[in-house]
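Understanding the architecture of this molecule
This is what each chain is made of:
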Amino acid sequence: MKIGILAAGRPPRALQPEFGDYVSMFEGLLAGRRYDWTSYDVPAGDYPDRPEACDGYILTGAAAGVYDGDPWIDQLLQFLRAAKGRAKLVGICFGHQAMAQAFGGTVIKSPKGWGVGLHTYGVETHRPWMDPAPAFSLSASHQDQVVELPPAATVIAGSDFCPMGTLAYDDGMAISCQLHPEFAPDYSIALIEGRRGQRIPDDLAAQAVESLKAPDDHARFADWIARFLAA
């Protein structure tokens, strides 16, 4: 199975020597599966010749907002519309938001502020590629949120802080999640510490770092992605 990673952003430069980039994080998350990986630098305008060039795509996080109006974001939304129904799509964080925006939803910078640390989403409806557990916990790192569902999208998991946190599209070809299964706890902690007191208040940062000492469900979510891509 050929999987394309649509790399929409990079980690902060200071963290890349230790933690790598988002492409390597997803390859590590899904290691051991028989995937033929390729990646595309979407802010640079790098795309496959046609959506069917890959069996599926994973759209990564980014520091940008999908509402920013940058030309590269418009190009990305056009590609997502072209690819919908022609290849499997998985969106994470910015990718979750970009898919919602491309397919008719609404994304805003949330007045709730930063979501950081280990967040737990309750599962509202199970899909065949999921296990039956009632909740999952993953790293959060976002200010923006989907606030209006696209047509033909269903909320399958979320929280009081982020009610539209995980979506599945009714054609069975696209899923997305606001949380980060690809973030290891030590990366999430380093990211928070780099923003502590500047972008993230000290008290929120301290709570978030403490929360990341608990077990998370990145391995479960990796299995979900793999089963979705194979379905």
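Structure: above.
In what follows, the accompanying structure is described.

1. Focus: the nonpolar core
Counting 34 residues, the largest nonpolar core has Leu80 and Phe94 as its most contacted members. Looking at this core, the elements that each hand over two or more residues are β3 (56-59), α3 (71-83), α4 (94-102), β9 (153-158) and β10 (166-169). Looking at which element gives the most residues to this core, the answer is α3, with seven residues. Discounting residues that sit within four places of it in the chain, Phe94 has contacts with Ala8, Thr60, Gly61, Ala62, Ala64, Gly65, Val66, Trp72 and Leu76.

2. Observations concerning the side chain of His96
You can see His96 is positioned in helix α4. A distance of 3.0 Å separates a polar atom in the side chain of His96 from the backbone oxygen of Met164. The residues touching His96, leaving out its near neighbours within four places in the chain, are Gly91, Val146, Met164, Gly165, Thr166, Leu167, Ser176, Cys177 and Gln178.

3. Quick notes on the environment of Val90
Along the polypeptide, Val90 turns up in strand β4 (residues 88-92). In this structure Val90 comes out as buried when scored by relative accessible area, which is 2%. For the pair Val90 and Ala62, spaced 28 residues apart in sequence, the C-alpha to C-alpha distance is 15 Å. Beyond its immediate stretch of four places on either side in the chain, Val90 contacts Tyr57, Ile58, Leu59, Met99, Ile175, Ile225, Phe228 and Leu229.

4. What about empty space enclosed by the protein?
Counted by the stated rule, this structure contains two cavities of 30 Å³ or more. Here the largest cavity is characterised by a volume of approximately 50 Å³. Around the largest cavity, the lining residues are Val116, Gly117, Ala140, Ser141, Phe183, Ser188, Leu191, Ile192, Arg195, Ile200 and Leu212. Only β6 (115-123), β7 (135-142) and α5 (185-195) provide two or more residues apiece to the lining of the largest cavity. Sorting elements by how many residues they give to the lining of the largest cavity places α5 first, with four residues. Its residues placed into classes, the lining of the largest cavity shows seven nonpolar, three polar and one charged. Taken as a whole, the second largest cavity holds about 40 Å³ of empty space.

Calculation notes
- Residues numbered from 1 in each chain as written.
- Predicted model: local features only at pLDDT ≥ 70, side-chain atom pairs only at ≥ 80, totals over all residues.
- Heavy atoms only, no water.
- Core = buried A, V, L, I, M, F, W, Y, C linked by side-chain atoms within 4.5 Å.
- Buried < 20%, exposed > 50% of the residue type's maximum accessible area, 1.4 Å probe, protein only.
- Helix = DSSP H or I, 4+ residues; strand = E, 2+ residues; numbered from the N terminus.
- Contact = heavy atoms within 4.5 Å.
- Polar contact = N/O pair within 3.5 Å; in protein donor to acceptor, adjacent residues only side chain to side chain.
- 1 Å grid on protein atoms, 1.4 Å probe; cavity = no way out; pocket = protein on both sides within 12 Å on 5 of 7 lines; lining within 4 Å.
- Points joined across faces, edges and corners; volume = space filled by probe spheres on them.
- Nonpolar A, V, L, I, M, F, W, Y, C, P; charged D, E, K, R; others polar.

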